[in-house]
2 protein chains.
Amino acid sequence: MAMDKPVILVTNDDGITAPGIRALVEAVKGLGKVVVVAPDSPQSGMGHAVTIGEPLRLHKADVFEDIEAWECSGTPVDCVKLARDVILSYKPDLCVSGINHGANHSINVIYSGTMSAAMEAAIEGVPSIGFSLLDYRYDADFSTAKEVARTLATKMLAQRMPDHTLLNVNIPKTGVVPYKGIKICRQANAKWQEEFDKRTDPRGKDYYWMTGKFVNRDKGTNTDVEALAEGYTSVVPVKFDLTDQQTKERLEQDWKDIL
Amino acid sequence: MAMDKPVILVTNDDGITAPGIRALVEAVKGLGKVVVVAPDSPQSGMGHAVTIGEPLRLHKADVFEDIEAWECSGTPVDCVKLARDVILSYKPDLCVSGINHGANHSINVIYSGTMSAAMEAAIEGVPSIGFSLLDYRYDADFSTAKEVARTLATKMLAQRMPDHTLLNVNIPKTGVVPYKGIKICRQANAKWQEEFDKRTDPRGKDYYWMTGKFVNRDKGTNTDVEALAEGYTSVVPVKFDLTDQQTKERLEQDWKDIL
């Protein structure tokens, strides 16, 4: 279905009432027809989860002035699937996800509902960007993030990127170091070091809260973590072919006895 | 903590009572000390979800004879994190996940709780394998899958693979085509074409069931989907650095005006 204006699908993982998605809608609404499909409750840390054992609910949501918006009972990935197949029934020109309240650089791309929603759109052949601001606060300052979102969305729409283009964009927190602009980076090799907080409930049974600290074990340069620390917005192009070519070639040689 | 025998962590996403994890325990129990940490309920399609907004429960489970086993209220990734940090408090030598009831080849690696559990272990520096059998049935024939699991686990333990080695292993369904052995492959470029089934509940409100059909859009050779169709077990080495180097280099050139 051809449209006069580009169609931009907006989603997130913090839920449809989060300030971050409002900031994103404001950032891109001048660039085309905007349709919002987002979870009806927070879905942080959902990764690429899909809802297969339960039914999904989908309702129109009167949350943004003059913008078509829908809320869904499922995960961020469910939202993108429903948007594509039930609400739009055609491919949008761009999908933007976020603006997430908190970082999704380095290994966080794996755990992030924000990035998984964007990845789902890219798998579907819709160029896509996930935005995250390094500020967890509800009243975080989204002004730089909005400018970045508008700049990158404009670029993606103007340049007709390959269908499966997917960008992981993180914006530094305002006021920590002077802002330096946008930088293309690679994913830092990092991990979360869990520290489970064991407690006992009023009935005497144990339970655990997952907490943890971030460990950057990357000694190289040009990573997203490094760029953010220097005051840059990091842009990491992401792919969903996870084949490890190097190990593949090695096993084809070394494991001949079992192949 | 040094052990005499290698320590093998076993997990899955179908839950601790699924026949597939029992088959996997049987396959590897002669190779070292086996510890099972698995979800207390089915967690298929959970992807790399982690539980951050709710507490986790963890209980000893007397499910396997002479094998230490724990069940957890969380996702497959939560199980691996708890195993590493609360139960073992040292790194196991190998993690095996599955045997999943159903395929996890091609793009399914992204949605699969089985593969996400294995990936979490690999991120943590534990060589890891996810096993899936192309048979959804509860009473599926796991005999070939068990042989494959034992062969590959033996190989991984003997060869001291690099810490972050991760394999996605799919075993063909018994009796469809003659079994041909093990083949190292790449991830096929495929996707799910959703078809949402819209229904109306007894109160007159709409809901949707996610259904879909698998679409292989890969025209090339040496894919996991191709190998499985020919009767091979497919082994795809997987990585969790998702950086798309090709797009990275292109954007560094093409987007100079905004960098």
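(A) Seen up close, the overall build of chain A. Of regular secondary structure, chain A possesses 7 helices and 11 strands. A compact globule built from 259 residues should have a C-alpha radius of gyration of about 18 Å, and chain A, at 19 Å, falls within 12% of that. Dimensions of chain A along its principal axes, counting C-alpha atoms only, are 55 × 55 × 45 Å. The buried share among the 259 residues of chain A stands at 59%. If you sum the accessible surface of chain A, you get close to 10,600 Å²; carbon and sulfur atoms cover 48% of it.

(B) The arrangement of empty space enclosed by the protein in detail. Across all of its chains, the model carries 3 cavities of 30 Å³ or more by this definition. Volume-wise, the largest cavity comes out at about 170 Å³. In terms of lining residues, the largest cavity is bounded by 13 residues, among which His48, Ile110 and Leu242 of chain A together with His48 and Ile110 of chain B are the most central. Ranked by the residues each element gives to the lining of the largest cavity, the list is headed by helix 4 (residues 113–123) of chain A, at 3 residues. Across the lining of the largest cavity, the residue classes tally to 9 nonpolar, 4 polar and no charged. When its volume is computed, the second largest cavity comes out at roughly 40 Å³. Lining the second largest cavity, in full, are Leu9, Val80, Arg84, Pro92, Cys95, Ala121, Glu124 and Val126 of chain B.

(C) Region of the structure containing the packing of aromatic side chains. Residues and elements named next belong to chain A. Following the criterion strictly, the structure yields 6 aromatic pairs over all chains and no others. Geometrically, the ring pair formed by tyrosine 207 and tryptophan 209 is edge-to-face, given 6.4 Å between the ring centres and 80° between the ring planes. For tryptophan 209, a relative accessible area of 25% gives the class partly exposed. Taking NZ or CZ as reference, lysine 183 lies 4.6 Å from the ring centre of tyrosine 232, over its face.

(D) Local environment of the environment of lysine 91 of chain B. All names here are of chain B. With respect to the helices, strands and loops of the structure, lysine 91 is situated in the loop between helix 2 (76–88) and strand 5 (94–101). Spatially, the C-alpha atoms of lysine 91 and tyrosine 111 are 26 Å apart, while their sequence positions differ by 20 residues. If we skip the residues at most four places from it in the chain, lysine 91 touches Arg84, Glu124, Gly125, Val126 and Asp163. Looking at lysine 91, its side chain comes within polar contact range of the main-chain oxygen of glycine 125, at 3.5 Å.

(E) Representation of the nonpolar core. With 80 residues, the main nonpolar core has Val37 of chain A together with Val37 of chain B as its most contacted residues. Setting aside its immediate chain neighbours within four residues, valine 37 of chain A contacts Leu9, Val10, Thr11, Leu58, Trp70, Cys79, Ala83 and Ile87 of chain A.

(F) Just the packing of helix 1 (residues 19–28) of chain A against helix 5 (residues 143–159) of chain A, in detail. All names here are of chain A. Running from N to C, helix 1 and helix 5 point in directions that differ by 45°, and their axes come no closer than 8 Å. With respect to their mutual orientation, helix 1 and helix 5 come out oblique. Considering the relative orientation of helix 1 and helix 5, their crossing is right-handed. Contact with helix 1, carried on its side by Ala23, Leu24, Glu26, Ala27 and Val28, involves Lys146, Ala149, Arg150 and Ala153 of helix 5 and no other residues of that element.

(G) Examining the side chain of threonine 223 of chain B more closely. Residues and elements named next belong to chain B. Along the chain, the position of threonine 223 falls in the loop between strand 10 (206–216) and helix 6 (224–229). Threonine 223 sits in the buried class, given a relative accessible area of 1%. In this structure threonine 223 touches Cys185, Arg186, Ala188 and Asp218, once residues within four positions along its chain are discounted.

(H) Expanded view of the layout of surface pockets. One number sums up the size of the largest pocket: a volume of about 1,300 Å³. For the largest pocket, the lining is made up of 49 residues, of which Val50 and Ile52 of chain A together with Ser44, Gly45 and Met46 of chain B are closest to its centre. Counting residues per element, the ones that place at least two in the lining of the largest pocket are strand 5, helix 3 (108–111), strand 9 (190–200) and strand 10 of chain B. If one sorts the elements of the lining of the largest pocket by residue count, strand 10 of chain B sits on top with 3 residues. Size it by volume and the second largest pocket reaches roughly 560 Å³. Surrounding the second largest pocket, 23 residues form its lining, Gly45, Asn108, Tyr136 and Trp192 of chain A together with Ile52 of chain B being those nearest its centre. Put simply, the parts of the chain that give the lining of the second largest pocket at least two residues each are strand 5 (94–101), helix 3 (108–111), helix 4, strand 9 (190–200) and strand 10 (206–216) of chain A. Ranked by residue count, the leading element in the lining of the second largest pocket is strand 10 of chain A, at 3 residues. Of the residues assigned to the lining of the second largest pocket, the class counts are 7 nonpolar, 12 polar and 4 charged.

Cut-offs applied
Residues numbered from 1 in each chain as written. Chains lettered and ligands numbered in written order. Predicted model: local features only at pLDDT ≥ 70, side-chain atom pairs only at ≥ 80, totals over all residues. Heavy atoms only, no water. Helix = DSSP H or I, 4+ residues; strand = E, 2+ residues; numbered from the N terminus. Rg over C-alpha atoms; globule rule 2.2 N^0.38 Å. Buried < 20%, exposed > 50% of the residue type's maximum accessible area, 1.4 Å probe, protein only. Areas by Shrake-Rupley, 256 points an atom, 1.4 Å probe, with all protein chains shown as cover. 1 Å grid on protein atoms, 1.4 Å probe; cavity = no way out; pocket = protein on both sides within 12 Å on 5 of 7 lines; lining within 4 Å. Points joined across faces, edges and corners; volume = space filled by probe spheres on them. Nonpolar A, V, L, I, M, F, W, Y, C, P; charged D, E, K, R; others polar. Phe/Tyr/Trp six-rings, centres within 6.5 Å; stacked < 30°, edge-to-face > 60°. Lys NZ or Arg CZ within 6 Å of the ring centre and 35° of its normal. Contact = heavy atoms within 4.5 Å. Polar contact = N/O pair within 3.5 Å; in protein donor to acceptor, adjacent residues only side chain to side chain. Core = buried A, V, L, I, M, F, W, Y, C linked by side-chain atoms within 4.5 Å. Axes fitted to C-alpha atoms, helices over the stretch in contact; angles between N-to-C directions. Parallel < 35°, antiparallel > 145°, perpendicular 65-115°, else oblique. Left-handed = near helix turned anticlockwise from the far one by under 90°.

Worth remembering: the numbers are spatial, not functional.
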